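Architecture and fold: a report
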Amino acid sequence: MEQSEQVAKAFVEHYYTTFDTNRSNLRNLYQENSLLTFEGQKFIGGQNIVSKLASLPFDQCKHSISTTDCQPSGPNGSLVVFVSGILQLAGEQHPLKFSQKDDFYTLFGYEESERKGKRKEGEEIEMFHLVPTPQGSFYVQNDIFRLNYA
């Protein structure tokens, strides 16, 4: 496995483990110029991003990663990381069951009219643009999150 793939997999494991246990601890992965697009809404800066993630209407969840793809991005060692997987909410045993999918979408603020005609899957898609720091670690420059409707 090449080094960029190792970095991506380690980042993904750390990010989702932290998200699932204490979202406020994600703050050190973002900087003031970081940008999150969450279901079409944009948030700029680490504090605003973590505030959004902490305000999601559920306390406990578990991410199960299906795929992680990575590409080098530019000459400075940046990485683009694409992740797909399943988000399991606490108290929900089968996130792909229809009754639970409705609850899942409601948690993210979707009205029935917005969901009409969309296949209700519980799979999520997330893309990260990781930029190296002078200290040898990475921070999240860009983060795009979408639930997979198709």
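Sequence positions are assigned chain by chain, starting from 1 and proceeding in written order. Reporting of local features is limited, given that this is a predicted model, to residues whose pLDDT is at least 70; pairs of side-chain atoms are given and counted only at 80 or more, and all residues count toward the totals for whole chains, interfaces and linings. Side-chain figures throughout are based on the complete set of non-hydrogen atoms in the structure, without hydrogens or water.

The secondary structure content of the protein chain amounts to four helices and six strands. The buried share of the protein chain, taken over its 150 residues, is 45%. Should any heavy atoms of two residues lie within 4.5 Å, those residues are counted as being in contact. Sequence separation of at least 24 residues holds for 54% of the intrachain contacts in the protein chain that already meet a minimum separation of 6. For the protein chain, the exposed area adds up to about 8,200 Å²; of that, 51% sits on carbon and sulfur atoms. Helix and strand assignments follow DSSP, with helices taken as H or I runs no shorter than four residues and strands as E runs no shorter than two, numbered in order from the N terminus. Accessibility here uses a 1.4 Å probe with only protein chains present; expressed as a share of the type maximum, an area under 20% marks a residue as buried, one over 50% as exposed, and anything in between as partly exposed. We get accessible surface area from the Shrake-Rupley algorithm with a probe of 1.4 Å; when it comes to residues, only the shown protein chains can shield them.

Let's shift gears to helix α2 (residues 46-54). Considered for burial, the residues of α2 that qualify are G46, I49, V50, K52 and L53. Buried residues of α2, seen end-on, are gathered within an arc of 155 degrees and therefore sit on one face of the element. Packed against the buried residues of α2 are α1 (3-21), β1 (30-38) and β2 (41-44). The directions considered for the arc are those from the helix axis to the C-beta atoms.

A separate point is the nonpolar core. To define a nonpolar core, start from buried Ala, Val, Leu, Ile, Met, Phe, Trp, Tyr and Cys residues and group those joined through side-chain atoms within 4.5 Å. Y15, Y30, L53, V81 and F128 are the most contacted members of the largest nonpolar core, which has 29 residues in total. Among the elements of the structure, α1, β1, α2, β3 (61-73), β4 (78-89), β5 (123-132) and β6 (138-147) are those that each provide at least two residues to this core. Looking at which element gives the most residues to this core, the answer is α1, with six residues. The contacts of Y30, once residues within four sequence positions are left out, are Y15, G46, I49, V50, L53, F128, V140 and D143.

What follows concerns the side chain of K52. Mapped onto the fold, K52 is located in helix α2. For this count, His and the chain ends are skipped, Lys and Arg are scored as positive, and Asp and Glu as negative. One speaks of a salt bridge when a side-chain nitrogen belonging to Lys or Arg is within 4 Å of a carboxyl oxygen belonging to Asp or Glu. Although K52 is buried, it makes no salt bridge; E39 carries the closest opposite charge, 9.6 Å away. Beyond its immediate chain neighbours, meaning those up to four positions away, K52 contacts L36, F38, Q41 and F43.

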